[in-house]
Amino acid sequence: MKFAEQIKRQRKKLGMTQTEVAEKLYVTRQTISNWEQSKNYPDLNMLVKISDVYQISIDSLLKEDPGLKNYLDQGRAVNAFEISNGLIWILMGLDRLIVSFSSFENQVAQLADTAICITFALAFVYEEYKMPFFLGISTRLYNRKGKRPDQKLSLIGKRFRVCFLLAVIGGLFLDMTHKEFGPYVFTTFLIILGIERILNKYMYSYTA
């Protein structure tokens, strides 16, 4: 029995409406409806709450619906890639900061810096290229719809974007008025982007 059928059947067995379940899980009624119609799946954190509210073991939910397991595996793959991707952004930022305050008086140092930049670029491209394979989807679908077509910005994600926008505006103003802070501003932007990638699972919601 698929996930949608299990939760719908168990909800009725417990004598609860979609609205009542939604209140217990702190989601919208539409979210419950989407799950029961197989339009999408919950993430792992929500699955634990569902197990408690519906009184169904997580093991049972996963065994009965391979699609749910594949969806959760996709989520883990995305998080792993995003963390790695975030570290690349942060390292790039730190590298640019070091370069800004270093004097490249010899050709060896310049070549070393170029090699580091190329390595970061190749790592980033490789991750994007391999992502569809680890998600188990075609490259064409990945390029057309993105990593997780059902993802939406969470409240945390929206607040982060606003803060980042304010940081960009403030950083650009600081760079124009005090050129000596330019390297710090550029590095800060890259590090913030890296943090956003690392905290990706909190920036997006997959249950709406």
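Criteria and thresholds
- Residues numbered from 1 in each chain as written.
- Predicted model: local features only at pLDDT ≥ 70, side-chain atom pairs only at ≥ 80, totals over all residues.
- Heavy atoms only, no water.
- Helix = DSSP H or I, 4+ residues; strand = E, 2+ residues; numbered from the N terminus.
- Areas by Shrake-Rupley, 256 points an atom, 1.4 Å probe, with all protein chains shown as cover.
- Buried < 20%, exposed > 50% of the residue type's maximum accessible area, 1.4 Å probe, protein only.
- Arc of directions from axis to C-beta.
- Contact = heavy atoms within 4.5 Å.
- Polar contact = N/O pair within 3.5 Å; in protein donor to acceptor, adjacent residues only side chain to side chain.
- Salt bridge = Lys/Arg side-chain N within 4 Å of Asp/Glu carboxyl O.
- Axes fitted to C-alpha atoms, helices over the stretch in contact; angles between N-to-C directions.
- Parallel < 35°, antiparallel > 145°, perpendicular 65-115°, else oblique.
- Nonpolar A, V, L, I, M, F, W, Y, C, P; charged D, E, K, R; others polar.
- Core = buried A, V, L, I, M, F, W, Y, C linked by side-chain atoms within 4.5 Å.
- Expected span 1.5 Å × (residues − 1).
- Patch = residues over 30% accessible without salt bridge, like charges linked within 9 Å, V, L, I, M, F, W, Y side chains within 5 Å.

(A) Molecular detail of the overall build of the protein chain. Summing up its helical and strand segments, the protein chain has 11 helices and 2 strands in all. Counting from the amino terminus, the protein chain carries its helices and strands in the arrangement α-α-α-α-α-α-α-α-β-α-α-α-β. Just so you have it, the protein chain exposes about 12,900 Å², and 62% of that area is on carbon and sulfur atoms.

(B) Here's a closer look at helix α1 (residues 3-13). Buried residues of α1: Phe3, Ala4, Gln6, Ile7, Gln10 and Arg11, and no others. The buried side chains of α1 occupy one side of the element, clustering within an arc of 165 degrees when seen end-on. Across α1 from its buried face, at more than 90 degrees, point the exposed residues Arg9, Lys12 and Lys13. Summarising the contacts, the buried residues of α1 are in contact with α2 (18-25), α3 (29-36), α4 (44-54), α5 (58-64) and α6 (66-100). Looking at the residues trailing α1, positive phi occurs at Gly15, about 70 degrees.

(C) Main features of unusual backbone geometry. At Tyr26, a residue that is not glycine, the phi angle is positive and equals roughly 60 degrees. As for its placement among the helices and strands, Tyr26 is situated in the loop between α2 and α3. Within the chain, Ser38 stands out as a residue other than glycine whose phi angle is a positive 60 degrees. In this fold, Ser38 is placed in the loop between α3 and α4.

(D) The arrangement of the side chain of Ser51 in detail. Turning to its location among the elements, Ser51 is positioned in helix α4. The class for Ser51 is buried, based on a relative accessible area of 13%. Among the polar contacts listed, one links the side chain of Ser51 to the backbone oxygen of Ile56, at a separation of 2.5 Å. Not counting the four nearest positions on each side in its chain, Ser51 is found in contact with Ile56, Ser57 and Ile58.

(E) A look at the pattern of salt bridges. For the structure on display, the rule yields 4 salt bridges. Taking the shortest distance from any N to any O, the salt bridge between Glu196 and Arg161 comes out at 3.5 Å. With a gap of 35 residues between them, Glu196 in helix α10 (residues 182-198) and Arg161 in helix α9 (residues 155-177) connect regions that are remote in the sequence. With a relative accessible area of 10%, Glu196 lands in the buried category. Look at Arg161 and you get partly exposed, because its relative accessible area is 35%.

(F) Molecular detail of the packing of α6 against α10. One can describe the packing of α6 onto α10 by two numbers: an axis separation of 7 Å at closest approach and a directional angle of 170 degrees. When the axes of α6 and α10 are compared, the pair comes out roughly antiparallel. Tallied by class, the residues present in the contact of α6 with α10 amount to 15 nonpolar, 6 polar and 3 charged.

(G) Here's a closer look at the nonpolar core. Ranked by size, the top nonpolar core spans 19 residues in total, and within it Phe3, Leu25, Ile32, Trp35, Ile50 and Tyr54 carry the most contacts. Counting residues per element, the ones that place at least two in this core are α1, α2, α3, α4 and α6. In this structure Ile32 touches Gln18, Val21, Ala22, Leu25, Val27 and Tyr54, once residues within four positions along its chain are discounted.

(H) Fine view of α9. The end-to-end C-alpha distance of α9, which contains 23 residues, comes to 33 Å, matching closely the 33 Å that a straight helix rising 1.5 Å per residue would cover. Residues of α9 that are buried: Gly157, Phe160, Val168 and Gly171.

(I) Structural detail: the environment of Lys69. Inspection of the secondary structure assignment puts Lys69 in helix α6. Between the C-alpha atom of Lys69 and that of Tyr41, which follows or precedes it by 28 residues, the distance is 9.8 Å.

(J) Local environment of a nonpolar patch on the surface. Residues Ile156, Ile195, Leu199 and Tyr202 make up a contiguous nonpolar surface patch of about 350 Å² in total accessible area. Within the secondary structure layout, Tyr202 lies in helix α11 (residues 200-203). Overall, Tyr202 belongs to the partly exposed group, its relative accessible area being 43%.

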